[in-house]
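The residues making up each chain are set out below.
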Amino acid sequence: MQTFHPPANLPTQYVKMGELRFRLFIPDQTIQDRIKVLSDQIKKDYAGKNPLIICVLKGAILFLSDLMKASEIEGQIDFVRLTSYEGTVSTGNVTEGMSAASNVKDRDVLIVEDIVDTGNTLNYYIKKLKEQEPKSIKLAALLLKPEALKFPIEVDYLGFKIPNFFVVGYGLDYNEEGRGFRDIYQLDLPDVGLK
Ligand code: 5GP
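What counts and what doesn't
- Residues numbered from 1 in each chain as written.
- Predicted model: local features only at pLDDT ≥ 70, side-chain atom pairs only at ≥ 80, totals over all residues.
- Heavy atoms only, no water.
- Phe/Tyr/Trp six-rings, centres within 6.5 Å; stacked < 30°, edge-to-face > 60°.
- Helix = DSSP H or I, 4+ residues; strand = E, 2+ residues; numbered from the N terminus.
- Buried < 20%, exposed > 50% of the residue type's maximum accessible area, 1.4 Å probe, protein only.
- Lys NZ or Arg CZ within 6 Å of the ring centre and 35° of its normal.

### Some words on the packing of aromatic side chains
Enumeration over the complete set of coordinates arrives at six aromatic pairs. A ring pair is formed by Phe-4 and Phe-160, whose centres lie 5.3 Å apart and whose planes are at 70 degrees; its orientation type is edge-to-face. Of this pair, Phe-4 sits in the segment before β1 (14–17) while Phe-160 sits in strand β8 (residues 157–161); the two residues are 156 residues apart in sequence, bridging distant segments of the chain. One exposure class covers both Phe-4 and Phe-160, and it is buried. Ring centres of Phe-181 and Tyr-185 lie 5.5 Å apart, and the angle between their planes is 65 degrees; this geometry places the pair in the edge-to-face category. Under the relative-accessibility criterion, Tyr-185 is labelled buried at 4%. Within the aromatic cluster, the residues linked to one another by ring pairs are Phe-4, Phe-25 and Phe-160. Across from the ring centre of Tyr-14, 3.7 Å away, lies the NZ or CZ of Arg-21, which sits over that ring.

Read these as geometric descriptors, not functional statements.
This is the structure:
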């Protein structure tokens, strides 16, 4: 898969949060078109399997919701809260604020995550899930930053590969702001040539 680059005709649009400015990067319709493709695949792969779908809070909530609607997949939903970011920086430590309550043993588990950056969060969580002996584990992630990846994470259903920039919107926050934007914005820094 190619790294996503915004189309040349994308309107120049900014949002400001705190001292930072973010620029429109992936528009709503592009996200929804890609989710439709992933949903068709997920629907086919999990037909008759009643998967356990574990959504990683908080960022993946909009992605989960749109995936569920587009695929009309039959399955159970659970949530886990994992945190590793402060502001625009990964701390390297994963904190589990809330655990999934479901019994994972012998289940087909589909993890739904917003973004894979270093891969630290999912490396931690997938290892933990494997100890509970699920039948299978697959991963759906909307975004992947291949240049930042430090752990061997394989994304089975990937929305977009993106460059190593901090992004907000569509569930993703900057210090708890910006989750409700329909579009995804990228941090607009002079030294990465975005102005
Ligand atoms: P990782 O453990 O892969 O380094 O980071 C994964 C988590 O960090 C994601 O679930 C997300 O919460 C947060 N994260 C990583 N990159 C970004 C980003 O560009 N923007 C935002 N808002 N969160 C990010």
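Still more ground to cover, so stick around.
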